[in-house]
Structures are given as C-alpha cells and as structure tokens.
Amino acid sequence: MADTRFPEGFLWGTATAAYQVEGAPIEDGKGESIWDRFCRVPGAIRGGDTGDAACDHYHRWKGDVEQMRRLGLKSYRFSVSWPRVLPLGRGKVNRKGLDFYDHLVDALLAAKVQPALTLYHWDLPQALQEAGGWTNRDTAAWYAEYASQVARRLGDRVKVWMTLNEPWCTAFLGHYHGVHAPGIRDYGVAVQVSHELMRAHAEGVAVLREACAKDARIGIALDVHTMYPWSDGVSDREAAVRADGQKNRWFLDPVLKGSYPADMLELYTRRGAAPRVQPGDMEKLAATKVDFLGINYYFPQRVFESAAGGIPGYESRVADGQPVTGLGWEVVPESLHEMLVRIRNDYGNPAIMITENGAAYPDRVVNGQVQDDERVEYLRAHLAELARAVQDGVRLQGYYLWSLMDNFEWAQGYHQRFGIIHVDFRTQERTWKKSAGWYRDIISENGRGL
C-alpha cells in the first residue's frame, strides 16, 4: 500500500474528552458532574484517582494547541463539559465556561486545526442525575437546551459536531455493569437509558441544524466491535448474533434506520426489559439524519454463550496467543476493515469518520524519550486497514487517534496511557512519544507509505 493516499481533505486528528483532560472541577463557576461524584465512591476508580487535575488542560490549553500545530493536525476532537456551561444542567448559563471553549475554538482555527466538538462525553451534571438522570424523559429536553447554548455560541466556527459519545457505555457501563458513573446495576434501566439517549441524539441534531452554519457536518460517535463466535457451535454463533445486537445494532439501527433491531426487541420484551417507547419517539428518530457516522474502534470480541452474561446471554474472551494491549484488548486490525465493510453493506454506505482508535501500553520515559513501538505498530496496522477500506468503497472522511495525550482513563484512573504525548501527572510536563513523530509524518504524507 506504499502508494495509497486517503481522500483529499481527509481530517487527520486526535481526540480527548473534557473530564479526562481539563481538570479545574469547580473553577470559574463549573458545576459538579456525575464523574466528580462517582470518583468519590470508595473502590470505584483504580488507585482512588480522580479527574480533579487530569492534564490541567483548562489552564494549559494554549500549550496543548501548540502541540497540535507542531503535529500538523488537521482537526482536534474535544468535548464540552455540560456542567461547565450549565452548572445545574439547565437554567442559568455560566458565561466563563462558554468563554473557555470560545477561546479554545479560536486558537484551534488560528493554528489551522479544525475543531470537532462532542456535546456529551459522559459528564452529566450531578444536579440532573438527582432528578433521575438519563432515566428521566425530561433529560433529552434539558440536553437540547444545553446543545442550543453551545451551538449558538460556537456554531458559526465549528463545522464538525457529534451529539453523543458511545451511548452504549453510558447506558450499559453506567447503568448495568455499574463500573462507570452513575454506578447503577439494572439491565432494564440500561435499556431505557439507551432509548433516552437516542431521543437526546434526535433532539440534538435538530438543534444543531437550526443553530450551526449550513456547511456543518453533524454525526454521533458509536463504539462498535466485530463479533466472532468462539466456536462453530450453534450456541456460540447465536450468542455472537445477540452480542452484535446488544452492542452494535442496538445503536446503529436507530441512528441509520430509525428503528431498533427486531430480534433484540423480541428478546428484551420476552425478558421484561424492553424500552418504554412513547408515541412519536420512533417517528422523530426515523426523521433524524446524520451527515456522518462516527466509529470508535479498538478491538473485536470472541463470544460464547453464557448464562452469566445476563439477558443477552454471552461473555467474551481473548484467543490464546493473541497480542493484547495494556487493557487486555485483543489486537486484530483486520477486524476494523470487516466492520467498515459490513456497515457499508448493511447501512447504505454512510460517510464515516473514525472518531477514536488507539491503544494503551505501559509507557516509560527513558532519557527523555518514550519508545512506544507497540503503539506505533498498532496504529500503523489499523491505518493500513482503513486504507484498504477506502479502496473497497468505504466513504471515510477522517481519523481521530485516541489520544492526543495521556489522561484520566475513567475507571482505570491514571494507570493506563493512550496518548501519543506522555504526561507526567505530577509536573504536567508533556513529552512526545515516538508515536507522535510517526503520526506527524503520516499526516504530512496523507497516509502514504503505510
């Protein structure tokens, strides 16, 4: 693929999220988020870590934008903190919070880096959680109010928008597995939350269409996994179909088809976990069109039938001898190509951006350098599969590497590093890893030579 180039105008970027990098949890009028609260639950976060400091991006954003300029980024994906803009989730706007993002957007544009804005990356205002959070139908309307405030302030300059990041994680990690905020463990609640998130997505798209520039591209970022049955047995193959339904189609279908997959609705109805859908909900979702589909892709899953897997009845494991990342995620680059071609075939070939892709490894600074060869190989192999997907007709528009810099990795605290820039969390010193220089060269050649 030495001569392969990505499409003209391809958005080479990196990605972060507000709670993972900003710090400043109460500064300048910011309200409490569910992650501020969840991090105080004993045992919830590895090592008792919190996002109180994170990367101190709230104070160091100018230097971080300069790092992006040096990398030659074409775009930077970030999220806005809802409680920084609306401390109570609704009502009075915190102007200083909006000012922060206003200044950030202007600095990005001055550095010739296109801002790509995610409205919701998991940090719901705690005040709304106390009103029921995502189980409350009113939250979608409050989300629309928040989206309107951000869009009216930034919509003239930001041209790439995402309504939600990984709604599966919000719904199921936060409300069934309980390992993410708000820490609820109820499968039926998780399914209902997934529906309320889809309603919020529809509300958000409508607001953005009204308030943003006409050439703005509006989408959503979904986490997906190629599912492989553990064996050729019927039970494992059926489990892989259910896993695909629960993790992939449950969100791909409503976003791209305006409906939930029939097999999963039947399963959830039979098990008493079907979402309560009100008249007009699905009609509005069906009328909601995105300009691109954001795909967050890290690893496939090898699935086997298991009663311990709850209602969907599956678990997964890594194949013996397969390489894994620091988080134990199996490295199978070709599974990304499989997923993109599958979406092309099953969903009418939508425009796609890879809104997250990357790997955590146990990096160490030695003599001022981080030789993260495993990360470079992970990225190279996955980008090669993207180039192959482009050749196969996938309408790929951008790639956002996760992540610009090491940050607060949710339940893992600071124990897993995804960045191409190393962060010393004691001093906040930034150090380029080998992968940063490698990615800079890839960007400068528009992917040639992968």
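This section reports on the structure supplied with the text. (Residues numbered from 1 in each chain as written. Predicted model: local features only at pLDDT ≥ 70, side-chain atom pairs only at ≥ 80, totals over all residues. Heavy atoms only, no water.)

Moving on, we get to the overall build of the chain. Counting its regular elements, the chain contains 15 helices and 13 strands. Taken over C-alpha atoms, the radius of gyration comes to 21 Å for the chain, in line with the 22 Å a tight globule of 450 residues would show. Each principal axis of the C-alpha distribution contributes one length, and for the chain these read about 55 × 55 × 45 Å. Relative to its full complement of 450 residues, the chain shows a buried share of 62%. Contacts in the chain between residues at least 24 apart in sequence constitute 76% of all its contacts with a sequence separation of at least 6. (Helix = DSSP H or I, 4+ residues; strand = E, 2+ residues; numbered from the N terminus. Rg over C-alpha atoms; globule rule 2.2 N^0.38 Å. Buried < 20%, exposed > 50% of the residue type's maximum accessible area, 1.4 Å probe, protein only. Contact = heavy atoms within 4.5 Å.)

It is the contact of helix H14 (residues 373-391) with helix H15 (residues 434-444), at a shortest axis distance of 8 Å, that shows an interaxial angle of 25 degrees. As judged from the angle between their axes, H14 and H15 are roughly parallel. As for how H14 packs across H15, the hand of that crossing is right-handed. In this structure, H14 contributes Asp373, Arg375, Val376, Leu379, Arg380 and Leu383 to the contact, and H15 contributes Lys434, Ser435, Trp438 and Ile442. Considering only residue class, the contact of H14 with H15 consists of five nonpolar, one polar and four charged. (Axes fitted to C-alpha atoms, helices over the stretch in contact; angles between N-to-C directions. Parallel < 35°, antiparallel > 145°, perpendicular 65-115°, else oblique. Left-handed = near helix turned anticlockwise from the far one by under 90°. Nonpolar A, V, L, I, M, F, W, Y, C, P; charged D, E, K, R; others polar.)

With that settled, the discussion passes to empty space enclosed by the protein. Counted by the stated rule, this structure contains three cavities of 30 Å³ or more. Taken as a whole, the largest cavity encloses approximately 60 Å³ of empty space. Every residue along the wall of the largest cavity is listed here: Ala18, Tyr19, Glu22, Gly23, Pro25, Lys30, Ser33, Asp36, Gly51, Ser81, Arg84 and Asp123. A per-class count over the lining of the largest cavity returns three nonpolar, four polar and five charged. Approximately 50 Å³ is the volume found for the second largest cavity. Along the walls of the second largest cavity sit Ile34, Trp35, Tyr120, Trp122, Trp134, Thr170, His180 and Ala181, which together make up its complete lining. Of the residues in the lining of the second largest cavity, the class split is six nonpolar, two polar and no charged. (1 Å grid on protein atoms, 1.4 Å probe; cavity = no way out; pocket = protein on both sides within 12 Å on 5 of 7 lines; lining within 4 Å. Points joined across faces, edges and corners; volume = space filled by probe spheres on them.)

Our next topic: the environment of glutamate 166. On the secondary structure map, glutamate 166 appears in the loop between strand S4 (160-165) and helix H8 (167-175). Glutamate 166 sits 46 residues away from tyrosine 120 along the chain, and the two C-alpha atoms are 9.3 Å apart. Excluding residues that lie within four positions of it along the chain, glutamate 166 makes contacts with Trp122, Ala221, Asp223, Asn296, Tyr298 and Glu356. One polar contact links glutamate 166 to asparagine 296, side chain to side chain, over a distance of 2.9 Å. (Polar contact = N/O pair within 3.5 Å; in protein donor to acceptor, adjacent residues only side chain to side chain.)

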